Amino acid sequence: MKFAEIYLNQTNKRIDHPYDYKIPERFESVIVPGVRVGVTFGNGNRQLEGFVVRVKEETAYPDKIKELEAVIDESPILTKEQIALCLWMKSTYCSLFYEGLYHFTSPVKVVKRLVISEEDPHENRIAFEPYESTEKIYRLERKETVRGSVQKQILELLETRDFTRREICELLGEVGSSLRALEKKGLVSAYERDTSCAVTGGKVRPEEIVLSESGNCLYRQLSEKRRKGTPSFIFEENSETRLMLYCKAVEECLSRGETALMLFPEIGLSLEMRALLYRYFGNAVAVCHGKLSQKERYQIFKRVSCGEIKVLVGSRAALFMPFRKLGLIIVDEERDPSYYSAAMPRYNTITIAQKYADLSDADLIISDEIPSVAAVKKTETGEWTGIHNAPCFVRKKPVPAIVDMQSEMKSGNFDFMSYRLRECLEKTLAEKKTALLLINKRGYASYVFCRSCGYVEKCPTCGVALKYHAGGDVLKCHYCGYTKKRSTTCPECGEKKIKALGLGIDQVYELLKERYPDRHVLKLDGETIASYDDFKRVNHELSEKHWDIILGTRMLLRNFGFQNIGLAAALLIDGDLNHGDYSSSENAYQLYKRFFNRMTENTPCLIQTYEPDNITNEALISENPTDFYRQEFEYRRLMGYPPEKHLVLFSLFHADEAQVANDSHAFFHALKKVCETGAAVEIYEPFLSGVIRGNGQIRWKILLKTKDLNAFKHIIEEVTAAGEIERLASKVSIEIDPPATL
DNA sequence: CTAACAGCAACC
DNA sequence: GTTGCTGTTAGG
């Protein structure tokens, strides 16, 4: 007699635990962990979908047991590592089992409600329906010199392997007519294949991966130092060097007969990069990102599952594909915000990647141009292995100059441009070079400071800058909820000069056009560059046309082909220095450091600020990058922020205001009681955090700090075992070290 | 004595 | 979520 332990596809956390069902003999051969089944549940015998996590010989509920009614999948749709990850996610993020499972199964067709036949038991077996369609695939027949440059490109591409029409167009643009011409000439031929499981095959002639001297140096170090079970962090600024290094590591992984996963931020997957990967890995590589259609994701899912795809490259969506023999995970640009999930559960890709690597016994390589504070800390404590390049390969970078806007005002200049900036800008214009101006002003809440002495009001308990809410004209701490009325008098110098600061990009753009009417001023922000096509178009324009001034938000950090830069200036850094969360210094440092690092050593660089002594400004003009990290470690240690202590954020949701308030307080006391019994965990009073857009739910938050996540995990286990979470009507979620607690 | 109804635990 | 059990109570 065999029994299956299953989780139900439903949204009630009170029944979100495994239930045992008897496996009918006719199903015994197919019921294994990872298949979905149909069950009847409760007194009403409601028909529900379930997911098998375990098969066993005995059950603790022999008198209550029911039989499985139907089988949805002929074979498991998840690997055992993925199932383990699902369970781990549920316990870590306090999410529903199916919320976590959804990430892994979204490419698979979901059966909403099963039709269960009473007469014919065999009808109960519902096959897993693949998508059926065919696609045209192009193959190179022979190579000849052709006149058209597009045709030439197509031939070059097809030399590496066969491609679908869609792939060719994605890489080269709308080239349908050129393809047709080549087909007519007989240089290429087309054939049809089933897309559901089809792969673009053909002759594969992967190119040899040749590392630069610098890349070789890194690769040697990586081979020497990396250890199983310990992630490696690579300190390397040059994205091409990093990419080549990844390719080499992947090549080595494939040679061991294992598969590899390369993760990049959402916007980091350039077409040039894809083309390069096709050249190196031929048909073993595929690209997966959030914008793929359901059908395309399904294809990738199947092809990864059967081992046809050996290298998957993509954004965080790629992490949830069913790899076999996964040997290597690479995460590039570790700090990118697109690695943090917006949907429940709110996971960090790095955390999941690390867990996945552990479960699969795979290597993990992480890197970023400018490492995060947490990453540097981990390489220092040995939690991660740090890989540094030899000093001779590290490029010299420009050192920006600080312009004090306060003394500028004292000398009578109230303009957004300092005398120095004007001077530099005019010199740049006279030399017919381009000036890059960065202003990172976001549209919502800004911060408040004293125009006279630069004083910024901070939260008395949390030490982060209070954020200005124009609605109630109040200052609010986004951690603990501390709120105070905005006063216009400065507590530091007594002058009535406390003002909200807001210099937005649109405002600056108007001013610049007014001031330099016959100059070409280009604005680059989220509005002007909304899509990848916009990016390509603007990038093309940049090579064709001379721009005198390019004004942009952080958009400037995307890989635009800027040329002939005569000046790089941050118009006002202060909004980023005081952004209202503990990592605002780090974010500011990252943003501006990246901006200036892209300049050549001799490009004039300026930072305009009202706080010239701010430690982040000092770190930006320091030639020694470790200065910044030392300061941040100290600040985080004093205030108890990551990486010193972990932040754990509970959120409680419910449509009823009073219900969620009551639940929050009840839960807070339950948590507090457990926290007091031992482990070093600090817990803060619950606070209201607003209305969730869309479903109108009210959200309360409870913040907790701990040095030891394992100790915290025990607390959660204890609280869960006591039924404290199930008891609540409100939905509960856990976020660990969220990037910003806004 | 019974229909009606709210509160609540169980669902394997 | 849905169901059925339990205790309470108004109506007869």
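Residue indices follow the written sequence of each chain, beginning from 1 at its first position. A letter from A marks each chain and a number from 1 marks each ligand, given out in the order of writing. Selection of residues for local features in this predicted model requires a pLDDT of at least 70, selection of side-chain atom pairs for listing and counting requires 80 or more, and totals for whole chains, interfaces and linings are taken over all residues. No hydrogens and no water enter the side-chain calculation; it runs on all heavy atoms of the structure.

1. Some words on the overall build of chain A
So, step 1. Regarding its fold elements, chain A presents 21 helices and 32 strands.
So, step 2. Seen through its C-alpha atoms, chain A measures out along the principal axes to roughly 90 × 75 × 50 Å.
So, step 3. The contacts in chain A between residues at least 6 apart in sequence include a share of 73% that link residues at least 24 apart.
So, step 4. Each charge class in chain A can be summarised by its mean position, and for the 103 positive and 105 negative side chains these summaries are 2 Å apart. Starting at the N terminus, helices and strands are each numbered in turn, a helix being any DSSP run of H or I of at least four residues and a strand any DSSP run of E of at least two. We call two residues contacting when some pair of their heavy atoms lies within 4.5 Å. Charged residues are defined here as Lys and Arg on the positive side and Asp and Glu on the negative side; His and the ends of the chain fall outside this count. To locate a charge, take NZ of a lysine, CZ of an arginine, CG of an aspartate or CD of a glutamate.

2. Details of the protein's contact with DNA strand B
So, step 1. Around DNA strand B, a shell composed of Ile15, Tyr19, Asp20, Tyr21, Phe41, Gly42, Tyr61, Lys64, Ile65 and Lys66 is seen.
So, step 2. When at least one non-hydrogen atom of a residue lies within 4 Å of a molecule or strand, that residue is treated as near it. Of all DNA strand B atoms lying within 4 Å of any protein atom, the proportion belonging to sugar or phosphate reaches 48%.
So, step 3. N or O atoms closer than or at 3.5 Å make up a polar contact, with two conditions inside protein: a donor-capable atom paired with an acceptor-capable one, and, for residues adjacent in sequence, both atoms drawn from side chains. Lys64 places a polar side-chain atom, nitrogen or oxygen, 2.3 Å from a phosphate oxygen of DNA strand B.
So, step 4. Lys66 has a polar side-chain atom sitting 2.5 Å from a phosphate oxygen of DNA strand B.
So, step 5. Among the elements that line the surface near DNA strand B, the one with the most residues is strand β2 (residues 19–22), at 3 residues.
So, step 6. All residues other than Ala, Val, Leu, Ile, Met, Phe, Trp, Tyr, Cys, Pro, Asp, Glu, Lys and Arg, Gly among them, are scored as polar; the first ten of these are nonpolar and the last four charged. Class assignment of the residues belonging to the surface near DNA strand B gives a composition of 6 nonpolar, 1 polar and 3 charged.

3. Thoughts on the UniProt feature "domain: Primosomal protein N' 3' DNA-binding" (unreviewed entry) in chain A
So, step 1. UniProt positions are given in the numbering used here, feature names are shortened, and annotations may be inferred rather than shown by experiment. UniProt annotation of "domain: Primosomal protein N' 3' DNA-binding" (unreviewed entry) refers to residues 15–97 when read in the numbering used here.
So, step 2. From the first C-alpha to the last, residues 15–97 spans 10 Å; its make-up is 18% helix and 30% strand.

4. Here we look at the sheet that holds strand β14 (residues 326–331)
So, step 1. Should DSSP find at least two bridges between two strands, the strands are taken to pair. Taken in spatial order, the 7 strands make up an open sheet running β12-β13-β11-β14-β15-β10-β16, and their pairing is parallel. Strands with a single pairing partner mark the edges of an open sheet, and in this sheet they are β12 (285–288) and β16 (385–388). This sheet shows a mean twist of 20° between the axes of neighbouring strands, independent of strand direction.
So, step 2. Pairing of β12 with strand β13 (residues 311–314), which is carried by 4 bridges, proceeds in the parallel orientation. Within β13, the position partnered with Val285 by the bridge is Val311.
So, step 3. In this analysis an axis means a line fitted to C-alpha atoms, helices contributing only their contacting stretch, and an angle means the value between N-to-C directions, from 0 to 180 degrees. Its contacts with the sheet put helix α6 (residues 213–225) on β10 (232–235), β15 (363–368) and β16, and the angle it makes with β16 is roughly 160°.
So, step 4. The sheet contacts of helix α8 (residues 271–281) involve β11 (259–263), β12 and β13, and relative to β12 the element is tilted by about 155°.

5. Brief notes about the packing of aromatic side chains
So, step 1. Stacked, edge-to-face and tilted are the three classes for Phe, Tyr and Trp ring pairs, Trp counted by its six-membered ring, which pair at centre distances within 6.5 Å; planes under 30 degrees apart are stacked, over 60 edge-to-face, the rest tilted. Applying the stated rule across the entire model yields 23 aromatic pairs.
So, step 2. With a centroid separation of 6.2 Å and 45° between ring planes, the pair formed by Tyr635 and Tyr641 is classed as tilted.
So, step 3. Note on Tyr635: relative accessible area 23%, which makes it partly exposed.
So, step 4. Exposed residues in this analysis have more than 50% of their type's maximum accessible area, buried residues have under 20%, and partly exposed residues fall in between, with area computed by a 1.4 Å probe over protein chains only. Tyr641 sits in the buried class, given a relative accessible area of 1%.
So, step 5. Grouping aromatic residues by their ring pairs yields a cluster made of Tyr7, Phe51, Phe97 and Tyr98.
So, step 6. Above the ring of Phe633, the side-chain terminus of Lys377 is found at 4.5 Å from the ring centroid.
So, step 7. Each ring is checked for a lysine NZ or an arginine CZ that lies within 6 Å of its centre and within 35 degrees of its normal; such an atom marks a charge sitting over the ring. Positioned above the aromatic ring of Tyr641, the side-chain terminus of Lys705 is 4.5 Å from the ring centre.

6. A look at the protein's contact with DNA strand C
So, step 1. Inspection of the region around DNA strand C gives Asn12, Asn43, Gly44 and Arg46 as its neighbouring residues.
So, step 2. Restricting the count to atoms of DNA strand C within 4 Å of the protein gives a sugar and phosphate share of 47%.
So, step 3. Contacts to DNA strand C include Asn12, whose side-chain N or O atom sits 2.4 Å from a base nitrogen.
So, step 4. One nitrogen or oxygen atom from the side chain of Arg46 is found 3.0 Å from a base nitrogen belonging to DNA strand C.
So, step 5. Looking at the surface near DNA strand C residue by residue, the class counts come to no nonpolar, 3 polar and 1 charged.

7. Let's talk about the pattern of salt bridges
So, step 1. A pairing counts as a salt bridge when a side-chain nitrogen of Lys or Arg comes within 4 Å of a carboxyl oxygen of Asp or Glu. Going through the model one piece at a time under the given rule, you end up with 44 salt bridges.
So, step 2. Here Glu735 and Arg699 are joined by a salt bridge, their closest N and O atoms 3.2 Å apart. Of this pair, Glu735 sits in strand β32 (residues 731–736) while Arg699 is found in strand β31 (residues 698–706), placing the two residues 36 residues apart along the sequence. For the residue pair Glu735 and Arg699, the accessibility class agrees, reading buried in each case.
So, step 3. Of the charged contacts, one joins Glu724 and Arg727 as a salt bridge, the two residues approaching to 3.4 Å between their closest N and O atoms.
So, step 4. The exposure class of Glu724 is partly exposed, given its relative accessible area of 22%.

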